[in-house]
Amino acid sequence: MNSDRITGAGKELKGEVKKQAGDLTGDQDMKNEGRADKAEGKLDKVVGKVKDVLRGNK
């Protein structure tokens, strides 16, 4: 597992927390930021997985 996958997981978690906080407080901007952070995290994880596959790791 490389740093992209770890960073992506962190961003995805942070995004979910922001999204939930936005839901609880009714703050649509925070909710949208959370969705964006979560999507960015998922993308980072995919990039990390591709790098691992190209290096011969799983």
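See the structure printed just above.
These figures come from a predicted structure and were not determined experimentally.

Enquirer: Got a minute to help me understand the packing of helix H1 (residues 3-25) against helix H2 (residues 28-55) in this structure?
Expert: Axes are the key here: two packed helices are described by the angle between their axes and the distance separating the axes. Look at H1 against H2: their axes get within 7 Å of each other, and the N-to-C directions meet at 165°. By the criterion of interaxial angle, the relationship of H1 to H2 is roughly antiparallel. When the axes of H1 and H2 are compared, the crossing they make is left-handed.

Enquirer: Explanation requested: the pattern of salt bridges in the structure shown.
Expert: In a structure, side chains of opposite charge can pair up when their charged atoms sit close to one another. In total, this model carries 9 salt bridges according to the counting rule given. Across the pair Arg5 and Asp52 runs a salt bridge whose closest N-O atoms are separated by 2.7 Å. Of this pair, Arg5 sits in helix H1 while Asp52 sits in helix H2; the two residues are 47 residues apart in sequence, bridging distant segments of the chain. By relative accessible area, which is 2% here, Asp52 ends up buried. The structure contains a network of salt bridges with shared partners spanning Lys11, Glu40 and Asp44.

The rules behind these values
Residues numbered from 1 in each chain as written. Predicted model: local features only at pLDDT ≥ 70, side-chain atom pairs only at ≥ 80, totals over all residues. Heavy atoms only, no water. Axes fitted to C-alpha atoms, helices over the stretch in contact; angles between N-to-C directions. Helix = DSSP H or I, 4+ residues; strand = E, 2+ residues; numbered from the N terminus. Parallel < 35°, antiparallel > 145°, perpendicular 65-115°, else oblique. Left-handed = near helix turned anticlockwise from the far one by under 90°. Salt bridge = Lys/Arg side-chain N within 4 Å of Asp/Glu carboxyl O. Buried < 20%, exposed > 50% of the residue type's maximum accessible area, 1.4 Å probe, protein only.

Such coordinate-based values are descriptive only and should not be taken to indicate function.
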